[in-house]
Amino acid sequence: MARSRLPPVPESAITGEAVYRDRRRLLKALALAPALTVAGCRGEPPPPVDVPRATAAARSGGFGTDEARTRYEDATSYNNFYEFGSGKADPSRAAKTLVTSPWSVAVGGACAKPGTVPLETLLKGLAPEERVYRMRCVEGWSMVIPWLGVPLADVLRRFEPTSDAKFVAFTTLADPRQMPGIRAPIIDWPYREGLRIDEAMHPLTLLVTGMYGRALPQQNGAPLRLVVPWKYGFKGIKSIVAIEFLRKAPPTSWNDMQPREYGFFANVNPAVDHPRWSQATERRIAGDANRLFADRIPTRPFNGYADQVASLYQGMDLARWY
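Along every chain, residues carry numbers that run from 1 in the direction the sequence is written. Where local features are concerned, this predicted model is filtered to residues with pLDDT of at least 70; where side-chain atom pairs are given and counted, the filter is 80 or more; whole-chain, interface and lining totals use all residues. Side-chain metrics in this entry use all non-hydrogen atoms of the structure; hydrogen atoms and water are not considered.

Close approach of charged atoms allows side chains with opposite charge to pair. A side-chain nitrogen of Lys or Arg and a carboxyl oxygen of Asp or Glu constitute a salt bridge if their distance falls within 4 Å. Throughout the structure, instances matching the rule amount to 19 salt bridges. Its salt-bridge partner being Glu130, residue Arg69 comes within 3.6 Å of it at the nearest N-O pair. With Arg69 in the loop between α1 (56–60) and α2 (72–75) and Glu130 in strand β3 (residues 129–136), this residue pair connects regions lying 61 residues apart in the sequence. This pair shows no difference in class: Arg69 is buried, exactly as Glu130 is. Salt-bridge contacts for Arg131 lead to Glu129; the nearest nitrogen and oxygen are separated by 2.8 Å. Here the two residues Arg131 and Glu129 agree in accessibility, since each one is buried. One salt-bridge network, held together by shared partners, links Glu67, Arg134, Arg136, Glu282, Arg284 and Arg300. Numbered from the N terminus, helices here are DSSP runs of H or I no shorter than four residues, and strands are runs of E no shorter than two. Three labels apply to residues, based on accessible area from a 1.4 Å probe with only protein chains included: buried if under 20% of the type maximum, exposed if over 50%, partly exposed otherwise in between.

Bringing the environment of Arg134 into the picture now. Mapped onto the elements of the fold, Arg134 is located in strand β3. With 95 residues separating them along the chain, Arg134 and Pro229 place their C-alpha atoms 6.3 Å apart. It only takes one pair of heavy atoms within 4.5 Å for two residues to be counted as in contact. Setting aside residues up to four positions removed in sequence, Arg134 forms contacts with Thr65, Glu67, Met143, Val144, Pro229, Arg284, Arg300, Asn303, Gly304 and Tyr305. In protein, a polar contact means a hydrogen-donor-capable atom and an acceptor-capable atom, both N or O and within 3.5 Å, with residues adjacent in sequence counting only if both atoms are side-chain atoms; elsewhere, any N or O pair within 3.5 Å suffices. Here the side chain of Arg134 touches Glu67 through a polar contact of 2.6 Å, side chain to side chain. From its side chain, Arg134 meets the backbone oxygen of Gly304 in a polar contact 3.4 Å long.

Laid out in structure tokens, this is it:
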């Protein structure tokens, strides 16, 4: 797929959409959840915060669901994070070497206020909120996870993107001393991902610092990751160290490596199969201590978030722009 031929960005995209304001505020200590991961969190995880369930208004806006949540134990032990190995259990075993504090993020490109800022500064004044999102992997399995984070739009606006900012690129840390998987040439390291600016500014797009009322574990992308619930999980880049505003679509790791299998947009689409996995149904990992996978269920367009995001792709051939 030629990135230079991507559909044009709507002119209104630079200003973004109104961010959902009815936030449930958590304990102020979680405002900088990564601070809880000092020295890699080698001990037991902190106890969960008692977070109320999403309100009806939040659910109708896509910010919550009544579906059974995946168990914390499963969501933190069944992961794709190739920087720590290609097996699903590898990250939970190997990621303890990842030191998540101190942490800085470099922001640059088409913006008025570029710079490298500590994570505490990046998130200063932004209260985290819980979003219970479905997560659909292109491999055909899915989870329901209560994330803690802030709208990505709130962070990006602080750097004042210019009218040239049509796309946003993200980069993961690549340190072989902390990440043993990087020693294998599985991917052209560092891992890179990207969004169109209107996708990045959409209210559903979340910059995540925690899950299940706890600080984000290393294997799930600590201390800072992206969650875009209507896209396949590989778009949710982990352990972010750089954000860049660009005029053209950025190169992204899986799309560069296998463009026939991994599109730039990666919107969940049950009508377009991956060459190796059907996308029509999924195996839900959902709250059962006796078995990892529940029965297969139908996959919904945009992972069930069509009411919120389908308008972003009006007029696009989603079989071509997969």
